[in-house]
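Structure assessment
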Number of protein chains: 2
Amino acid sequence: MEERVIKAALLGLGTVGTGVYKVLKNQEEEMTAKLGCKVKISRILVRNLEKAARKLGDDSLLTNDWKEIVADPSIEIVIEVMGGIHPAKEYILDALKAGKHVVTANKDLIAVHGRELLEAAGETKADFMFEAAVAGGIPIIGPLKQSLAGNHMTEVMGIVNGTTNFILTRMTQDGMEFKDALALATELGYAEADPTADIDGLDAGRKVAILASVAFNSRVVFDDVYIEGITKISAKDIRYAKEMGCDIKLLGVARNTEEGVEAYVCPMLIPSTHPLATVNDSYNAVFVHGDAVEDAMFFGRGAGEMPTASAVVGDIFEIVRNILAGCCGRIGCTCYKQLPVKKMESTYNRYFLRLHVEDKCGVLAEMTEVFAKYHVSVAQIIQKERKDDDCAEVVVITAKVREGDFKTAIQELSNRASVKRISKTIRVYGN
Amino acid sequence: MEERVIKAALLGLGTVGTGVYKVLKNQEEEMTAKLGCKVKISRILVRNLEKAARKLGDDSLLTNDWKEIVADPSIEIVIEVMGGIHPAKEYILDALKAGKHVVTANKDLIAVHGRELLEAAGETKADFMFEAAVAGGIPIIGPLKQSLAGNHMTEVMGIVNGTTNFILTRMTQDGMEFKDALALATELGYAEADPTADIDGLDAGRKVAILASVAFNSRVVFDDVYIEGITKISAKDIRYAKEMGCDIKLLGVARNTEEGVEAYVCPMLIPSTHPLATVNDSYNAVFVHGDAVEDAMFFGRGAGEMPTASAVVGDIFEIVRNILAGCCGRIGCTCYKQLPVKKMESTYNRYFLRLHVEDKCGVLAEMTEVFAKYHVSVAQIIQKERKDDDCAEVVVITAKVREGDFKTAIQELSNRASVKRISKTIRVYGN
């Protein structure tokens, strides 16, 4: 009997595309035993044919014409690893309409147009999978939709951007300032030439939107996510946090509360005893809490050629198994709820606050009076001994306070004559 | 249209059975939206009808007659959470033959009879799932078979027994001796009345057999796994390990090497910087290394009513989706290779060694001469100052050495007059 071959097309031959090509090669011998058939990349869409031919040492699979792929009925799976919204979105919609299954690693696209894409897949009973869009090689979308499906998830949070975690780790372990750590990250290839999407938290924000949607069975889009980056964090903030038993991490947090979904990305203090505090360098980790599983954490490489390809190929193999069993589309869109997303000002958080005040009697009393007016309780306070410019530096960690109230308190505080400046406010993870 | 209901029977109403019952209740409202139908426990097999009726406050679902369940064609899924080999094995084989799908949490059974059960499921194209058999609520079987399927896994290892991890954590953090930490574990309900299976490493050994089989696509059974427990570990061992930058954990290790599969459970020193070293108390964690994903770790509750039930219900939901999509049995037995399993003496490990020697000139030279004869290199050595009984205590960490060679070296060393006693040998994880 002739061995069955399922044909796939690869859109893009950058870092991830090259990884997918390699991983499929590595699996070639075992595929039939593992899946019941072979998967073969039969076409690769690239912009620059010559460059791609040099990369592969072979130009027989290359094309720069999307129509050749979408019109080829022998291609059953389209693997989109080109990135960006356009034309990736149009290609994926075309492919789904043509009855093909799609795997994508495109977080920008899913975080904004996830619903439309999943609905399009639903119409043709096609598989549409995106494990690689969040936390690289770490299995998280699959486990949330399957092994953990018996839970009401109340929280999914974590370190979902390797570039910023590398930068913060260097600032913590080597006392570097942000700009030096960023320069090192760029030099070592952990940061892109334009690092904005990473350091401003946008990349993490997209992943939080996707994670929240899958974990809470309710669509959360990129615009719903409140985002702050790490550019204002200083080595001093990290040092003071350490004195208070905490590390500073860029956390993506999504919570499923009675009043709606909270979704935000910001640098946060986290107790040094928390499993996430020990996730360093470019590693990622996603922490979940559900009513049955309680706490669970998934740790690994959040980016990179081979780890991301591991996730993409996992999805490809899942689709192949579905094709052979005749059950494509068996898990479609899982967002069957319509939960409201809360505004950031109505969330409750603890705060770390550094401020410079006049070094005289009664100033702390004035500060705590303002705090009391807006329901801000002080959990920890340290007065520093420094006396340059006649000021005392005070570091405070508050109890949980409504964001809106805290902002108002800070506003009022900064207008008081005795308060020279508010140097920093950073949220604190946990109760 | 009438809502479809898929009926399931629960075998056993102990800790896990009760958890499964609760989790399914908690999911009742969402099931149809999530899965496309409801799942209902329509029968519960128990030994003691009265006790079970008191527990549930309802006796309408209870039976002590297996035939009532296996002969009922309306029951499509059997959930075996009674434990033990017999009659669980017979019930599962009966159920599969009757065309029912099976979910089990029974590691004892899978670690010994996994192949026979999976083959029986294959014959009727039934689903047979066992996520809960390893590491409680932590998704690991599912991710290995699916999201990570594009990898050649070279290692899967971890902390897969909560009782012993609790005991070792107390010994490490509070300096307790083994017997006191065990007494505390028993008092707090972390250890069973007869703790043998946990403290002797048998429970962890079963999980290693299952993990290795799934990760390496080749059957490893309980008898293949070399096992040592933690009963001989002392607070002093842990203190000395700390001085050398390590913690002591009961590790289950499986490696896929050129010469065959290594599978063992034993207490090991692990560098305190390794992510597993920070997994404390009754938590479990499984670490995997694959050619594409590189390092990944899965952390969570390894036991307990609700976490284990989370894994069982994840499997139930997976089967329900397969029933509705008409693709049961789509992932059957994944052990398509027949790799040899290595004997422990032909594995290579580093060793931590504590020995008491005569406190005189030339003794270290004699020791290192014996080591050299059997290819044992010393990586770290500390001579302790203690002089009770005129002996010096020497603590050594070796480089990697063939187990058989090390044992012979130790044998020869213990016959030398200058060596008073070999107090302890413990393996060291890593290169």
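On a predicted model such as this, the values are computed, not experimentally measured, just so you know.

It is worth spelling out unusual backbone geometry at this point. Residues and elements named next belong to chain A. Note that the residue after H86, namely P87, is joined by a cis bond; omega there is 5 degrees. In this fold, P87 is placed in the loop between β4 (75–80) and α5 (88–97). Even without a glycine there, the phi angle at A135 is positive, about 60 degrees. Relative to the helices and strands, A135 resides in the loop between β6 (128–129) and α7 (141–145).

All names here are of chain A. Here chain A is partitioned into domain 1 (5–133 + 305–325), domain 2 (141–301) and domain 3 (347–428). Placing the centre of domain 1 and that of domain 2 at their C-alpha centroids yields a distance of 28 Å. In this complex, domain 1 contributes 13 residues to the contact, which on the side of domain 2 involves 16 residues. Both faces combined, the contact of domain 1 with domain 2 buries some 1100 Å², and carbon together with sulfur accounts for 62% of it. At the junction of domain 1 with domain 2, the criterion picks out two salt bridges. For the salt bridge of K107 with D203, the shortest nitrogen-to-oxygen distance reads 3.6 Å.

A few words now on the pairing of strand β15 (residues 391–398) of chain A. All names here are of chain A. Most of β15 sits inside the fold, with eight of its eight residues counted as buried. By the alternation rule, side chains of β15 split into C391, E393, V395 and I397 and A392, V394, V396 and T398, which are all buried. Relative to β15, strand β13 (residues 348–358) is paired through seven bridges, and the arrangement is antiparallel. When the bridges of β15 are listed, L355 appears paired with V394.

So, about helix α1 (residues 15–27) of chain A. Residue and element names in this part refer to chain A. The terminal C-alpha atoms of α1, which comprises 13 residues, lie 19 Å apart, in line with the 18 Å expected from a rise of 1.5 Å per residue. Taken together, the buried positions of α1 are V16, G17, T18, G19, V20, Y21, V23, L24 and Q27. On its buried face, α1 sits against β1 (5–11), α2 (31–35), β2 (38–45), α3 (49–56) and α13 (305–325).

We now examine the interface of chain B and chain A. On the side of chain A, 51 residues touch chain B, which itself brings 51 residues to the contact. Carbon and sulfur atoms make up 52% of the area that chain B and chain A hide from each other, which totals about 4300 Å². There are six salt bridges connecting chain B and chain A. For the salt bridge of R301(A) with E294(B), the shortest nitrogen-to-oxygen distance reads 3.1 Å.

With that settled, the discussion passes to the relation of the copies chain B and chain A. Here chain B sits on chain A after a turn of 180 degrees about the axis and a move of 0.0 Å along it, with an RMSD of 0.0 Å. Within this description, the copies of the chain are treated as partners about a two-fold rotation axis. When C-alpha distances to the rotation axis are compared across chain B, the minimum falls at F298(B), with a value of 2.4 Å. Take the interface residues of chain B: 100% of them recur as interface residues in chain A, which is what a same-surface contact looks like.

Here we come to the nonpolar core. Counting 163 residues, the largest nonpolar core has F128(A), V288(A), F128(B) and V288(B) as its most contacted members. The contact partners of F128(A), leaving out residues within four places of it in the chain, are I92(A), L96(A), V102(A), T104(A), I110(A), L117(A), L118(A) and A121(A).

Next up on the list: the sheet that holds strand β3 (residues 62–63) of chain B. In a beta sheet, neighbouring strands pair by backbone hydrogen bonds and run either parallel or antiparallel. Residue and element names in this part refer to chain B. Across the sheet, six strands lie side by side as β3-β2-β1-β4-β5-β6; this open sheet has parallel pairing. Edge positions in the sheet fall to β3 and β6 (128–129), since each of these pairs with one other strand and no more. Pairing of strand β1 (residues 5–11) with strand β2 (residues 38–45), which is carried by seven bridges, proceeds in the parallel orientation. Among the inter-strand pairings, L10 is bridged to a residue of β2, identified as I44. Across the face of the sheet, helix α5 (residues 88–97) comes into contact with β1, β2, β4 (75–80), β5 (101–104) and β6 while running at roughly 155 degrees to β5.

Moving on, we come to the packing of helix α1 (residues 15–27) of chain B against helix α13 (residues 305–325) of chain B. Residue and element names in this part refer to chain B. In the contact formed by α1 and α13, the axes pass within 8 Å of each other and the chain directions differ by 60 degrees. With respect to their mutual orientation, α1 and α13 come out oblique. For the element pair α1 and α13, the recorded crossing hand is right-handed. Facing α1, whose interface residues are T15, V16, T18, G19, V20, K22, V23, L24, N26 and Q27, α13 presents E305, M306, T308, A309, V312, V313, I316 and F317.

So, how was this worked out
- The residue count restarts for each chain, going from 1 along the sequence in the order it is written.
- Chains and ligands are labelled by the order in which they are written, letters from A for the one and numbers from 1 for the other.
- This being a predicted model, a pLDDT of at least 70 is required before a residue's local features are given, and a value of 80 or more before pairs of side-chain atoms are given or counted; all residues contribute to the totals for chains, interfaces and linings.
- Values shown for side chains rest on all heavy atoms present in the structure; no hydrogens or waters enter the calculation.
- Secondary structure follows DSSP: runs of H or I at least 4 residues long count as helices, runs of E at least 2 residues long count as strands, and numbering of each begins at the N terminus.
- Segmentation into domains, and thus their bounds, comes from an automatic or database assignment.
- It only takes one pair of heavy atoms within 4.5 Å for two residues to be counted as in contact.
- When two parts are put together, the accessible area they lose, computed with a 1.4 Å probe and summed over both, is reported as buried area.
- A pair is scored as a salt bridge if a Lys or Arg side-chain nitrogen falls within 4 Å of a carboxyl oxygen belonging to Asp or Glu.
- Here's how the labels work: a residue is buried when its accessible area is under 20% of the maximum for its type, exposed when over 50%, partly exposed in between, all with a 1.4 Å probe on protein chains only.
- Two strands pair if DSSP finds at least two bridges between them.
- Multiply 1.5 Å by the residue count of a helix minus one, and that product is the helix's expected span.
- Copy-to-copy superposition: least squares on the C-alpha atoms, limited to residues that have pLDDT of at least 70 in both copies.
- Residue types Ala, Val, Leu, Ile, Met, Phe, Trp, Tyr and Cys, when buried and joined through side-chain atoms within 4.5 Å, form a set referred to as a nonpolar core.
- As a rule, the C-alpha atoms of each element are fitted with a line to give its axis, helices using only the stretch in contact, and angles between N-to-C directions run from 0 to 180 degrees.
- Relative orientations are named as follows: roughly parallel for angles under 35 degrees, roughly antiparallel for angles over 145 degrees, roughly perpendicular for angles from 65 to 115 degrees, and oblique for any other angle.
- Here a crossing is called left-handed whenever its near helix is offset anticlockwise from the far helix by less than a right angle, and right-handed whenever the offset is clockwise.

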